[in-house]
Structure formats: structure tokens, C-alpha cells
Amino acid sequence: MKVGIPSVLQSYTGGARTVDADGATVAALLLDLDARFPGIRFRMVNEANVLRPHMRVFVNRESTADLGRTLTPDDEVMILHALSGG
Amino acid sequence: MSEPTIPPGSRAFEPLGESPPLDPHRHEPLALDGLTLLVGTKKGVFFLQGDGEREAFVLNGPAFLGHIVQHAIVDPRDRRTLLIALRTGHLGPTVFRSTDFGRSWQEASKPPAFAKPKDDRKSNVVEIVFWLTPGHVDEPGVWYAGTSPEGLFRSEDGGDTWQPVAGWNDHPNWVRWTGDMKERNPDGSPIHSILIDPRDRRHMYFGTGSAGVFESNDQGESWHLLNTGMLSPTGPDPHPEYGYDPHCMTLHPMAPDLLYQQNHCGIYRMRRPEARWVRIGDNMPREIGDIGFPIALHPRDPDTAWVFPMDGTDVWPRTCPGGKPAVYRTRDGGETWARLDRGFPARAWYTVLRQSMAVDSERSIGVYFGTTNGEVWGSTDEGEEWRCLAAHLPHVYSVEVANFAR
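First things first, this report covers the structure right here in the doc.

About the criteria used
- Residues numbered from 1 in each chain as written.
- Chains lettered and ligands numbered in written order.
- Predicted model: local features only at pLDDT ≥ 70, side-chain atom pairs only at ≥ 80, totals over all residues.
- Heavy atoms only, no water.
- 1 Å grid on protein atoms, 1.4 Å probe; cavity = no way out; pocket = protein on both sides within 12 Å on 5 of 7 lines; lining within 4 Å.
- Points joined across faces, edges and corners; volume = space filled by probe spheres on them.
- Helix = DSSP H or I, 4+ residues; strand = E, 2+ residues; numbered from the N terminus.
- Nonpolar A, V, L, I, M, F, W, Y, C, P; charged D, E, K, R; others polar.
- Contact = heavy atoms within 4.5 Å.
- Buried area = accessible area lost by both parts, 1.4 Å probe.
- Salt bridge = Lys/Arg side-chain N within 4 Å of Asp/Glu carboxyl O.
- Polar contact = N/O pair within 3.5 Å; in protein donor to acceptor, adjacent residues only side chain to side chain.
- Buried < 20%, exposed > 50% of the residue type's maximum accessible area, 1.4 Å probe, protein only.

This part is about the layout of surface pockets. Residues and elements named next belong to chain B. A volume near 1,400 Å³ is recorded for the second largest pocket. Lining of the second largest pocket is provided by 41 residues; of these, I73, P76, T250, P253 and E400 occupy positions nearest its centre. Among the elements that take part in the lining of the second largest pocket, strand β28 (residues 396-404) stands out by supplying 5 residues, more than any other. Its residues assigned to classes, the lining of the second largest pocket shows 26 nonpolar, 9 polar and 6 charged.

The next point concerns the interface of chain A and chain B. Across the boundary between the two partners, chain A contributes 19 residues, which contact 23 residues of chain B. Of the roughly 1,600 Å² buried between chain A and chain B on both sides combined, carbon and sulfur atoms contribute 53%. For the chain A face of the interface with chain B, the top three residues by lost area are A:F42, A:R43 and A:E47, together amounting to 44%. Between the two partners, chain A and chain B, sit 0 salt bridges. At the junction of chain A and chain B, the tally comes to 6 residue pairs in polar contact (both at pLDDT 80 or more). Tallied by class, residues from the side of chain A that touches chain B come to 8 nonpolar, 8 polar and 3 charged.

Residue and element names in this part refer to chain B. Applying the stated criterion across every chain yields a total of 23 salt bridges over all chains. Across the pair E127 and R87 runs a salt bridge whose closest N-O atoms are separated by 3.9 Å. Highlighted residues: E127 in the loop between β7 (106-107) and β8 (128-134) and R87 in strand β5 (residues 82-87), separated in sequence by 40 residues. Among the residues examined, E127 registers a relative accessible area of 36% and is labelled partly exposed. D290 serves as the salt-bridge partner of R279, at 2.8 Å between the closest nitrogen and oxygen. Here R279 is found in strand β19 (residues 278-279), whereas its partner D290 is found in the loop between β19 and β20 (292-297), with 11 residues between them in sequence. Among the ionic contacts, a cluster of salt bridges with common partners joins E139, R154, E156 and R201.

Residue and element names in this part refer to chain B. With omega at -5°, the peptide bond leading from S148 into P149 counts as cis. With respect to the helices, strands and loops of the structure, P149 is situated in the loop between β9 (143-148) and β10 (151-155). A cis amide bond, omega 10°, links R272 with the succeeding residue P273. Among the secondary structure elements, P273 is positioned in the loop between β18 (266-271) and β19. Positive phi is not limited to glycine here, since W316 has a value of about 60°. Mapped onto the elements, W316 comes out in the loop between β21 (305-309) and β22 (327-330).

See below:
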């Protein structure tokens, strides 16, 4: 499926704003992303397997923090980050 | 209010914009050489390259623009490997490495991360990689990292993969010593000042802002407190077992039984095998006090040290006392201190953080520091005269001296 990558992570994808990745859950999708773009997952998900503050995953335009949420191949996934800080 | 000016003598300053920002994932033609100051800032890392005489310093960078760089340091064992601890406001903490003088960078394939607890405790999460220390000279490739919250990590492959030091991270007293997670310093509560005894790689120290100073004699398998003699900043008991805030600690490379410490509450010295801190900051002028973050040692003279005091009165402004920047130097192990302020502006209101003062090892020692308002200052005559080497940088978090060998 297509995954939207925010600007803060595009250094991992060679500048690509949209990449392909697979997974039956959000967690599996992020692991697949990491296999394709090493290091990208740990910048988004901490060692307790929790999405880091300010990072957001949208599935079909609905925000989810549940990494166990199931996905189907037709789902549209976007990773975004909050516009916070200075 | 008048605009701040760069004082006379700052001829070395190269304006920003001379070199483009360096993308951490692209191989840019940065090739560091000779004496270089590594300047970690809130918005990236800068490189101030000195000429052979230290007359001119040319500014390169930033690399990792927009990343919060807590520490950038060269490996003194090969003088070509660089490690940088960073994160952004949104992305998690990590470590980047260069083994070719900064030409190319690789991210650690396994950055510092706490292990999953073996019991039902909540997992700890590394928020900041704060401190990097190269290992003992007999262990090439070994590095240590201190994090916030208080984690200690070790790499045996030059910083590519990091393993938790279980003797500390899983210590049964970890929660008791490090305190309630809800009351952490908003800027983090890190492990810092990781020191390796040059005579014995198993002998280590580190400091924390929550508990104090720790020592290990078995390369981190076990740890004990080393706080006797310090004054506690909080609580009714001025001398509790733990609860101290050693801002910066260092040992002398030629006299490793000698430890110096700039504490939240004073400047201290310890001569081993004694295990008692002596407050040498009591010899500082009363109107200045002995509060501050950094302390730097003369690499060849164990009795010479430099500090940069800050205002610790009433609400703790943490700025230069009276708004008058000054370095203080002792030549006699802290018995007396001399004010060194020639070259500084008459008024400035910055702070120098714990990782932001460093020395070189030239014949006449160079002393350097970075400020929270984005200036880097240097002296090439051991502090007698100062000049601004760079200005208008972001908030400086760290300054380290590298002497690259190409």
C-alpha cells in the first residue's frame, strides 16, 4: 500500500513523499518500512512500542495511535507530525 | 537597547551562509582537518576549523540542520571518527557516526534504547541521548552514552549498535536513586560526565542530576554512590545519601586520582583514594559565588582548571553574575581563583552549559566555550584574553575540541 511520509522523515526515503510498504497491522507496516528504510521506525516509535509524542498515523484519514490496528491493501496510510515546537 | 557587537580581535569570524547546510543522509564534501571545534547546537552542528596558529577559525556547517545536537565528539584514539548525539523536536533520539572526518555520516543501526523490563514495570524510554564518551584506549571501538532519563549504554562497534549497561539500567535502586518520573527536570535528567580511568578500563564514574556521583570498579556491573562532602540543593538534610546535582565532573588525564566537579551547589575536588568532596568553590569571590555548569582542566597541569560562574541567587537566573561575563581560573587546585574577562563585552546575559567548555592541548592551552545566545569564544593564552570566534549561531549545547589527523 502507499504510505505518505512527512518531511521530517524523507531523509530516510531518499526524499520520497510516498512509498510502498506492506503489513496487516500498523505495527507490521512500520516494521516493513524500517526494513526498506533502516532507522525510520525508531524515530517514530519508542522502545516501549508506543508512537512518539507529536507523531501521528492516519489510516483512511482517521488518526490512530493503536499500532495493532488492522490494515487492508486498499487502505491509505499517512504519517504526519504535529506542527509544534520552536 | 543596542545591538550586540563582536568585539575587536574577532577577525576570525566567517559569516554564516558561506557553506550550505549538510544533509545527514547525503555525502557532502566536508573534510575536517587539524584543530576543529565541534559545536553542537539546538539547530545542528557547526565546525570551527582553526588554522595552524589558531589565529583564524573558519565556520563550516551546519550539518544536521534542525536537529537538536546535544553532543558532538571525536574519537581521540583514531582522530577521524566522529559521533553525534541528536534528535529533533518530533523524532526520537539517535546517534550518527562519521569515520572519514565528516565526509559521510551513518546512523547507528541500533541507537541507545532501554531493554524491556523483566518484571511488570513500565518500560523506560530514552528521550535524549545526552552524553558520549569514547572508551578506554585499550578498547578501540568502545563508546559509552548517557541518556535522559538516566540510562547508560555501551557500544563495542564504534557507535553502530548500543547495548544497555544492565548493571546500572536494571539496578534495584534505580527508581529510588533517580526519583519520580513526574518530577523530572523539563529539560531532561541525564547521565553525564562518563569518565573512564586511563589506568583501568574497569574503573568508571558518571554523574546524574537526580542522585549525584556514581563509581564502578567492574566496568559497570555494579555501582556505588560517591557523594560524601557535597551539599544537597534541596530537602531538609544538606547531606543526604543521594540527591545531589553534579553539573559537570572530570578527572585529570595525567593524574586520574584527581576529580573536579562543578556542582549545582559549588565547585568541588576529590583526591582518591579519599572518597570525600572538598568545596574549593568556597575560595571564589563571595559576590560571584561558585555556581555554574562547566569545568575544564589543563591537560598537563592537574592544578589548573577553568569555570564559568553563573547567577545562582533568588530565582536562579543562571546568567553571568551581574550580567558581566567572566571565566575564573585556578592554578593551585582551587585554593585561589583569578577572574579572566579581557575581551568580553561589558554586559551579556548568557549561560554556558556543562558540555560547552573545552580545552585544546597546544603549547599555550586554548580554552573555548559556547553560549546559550549562540556565540563561541576562545582564548589561546590560557584565558588571559578572549575573542569571539563565532556569533549568531543557535543556542549552544556543546563544544568539543577535535584534533583531526589526516
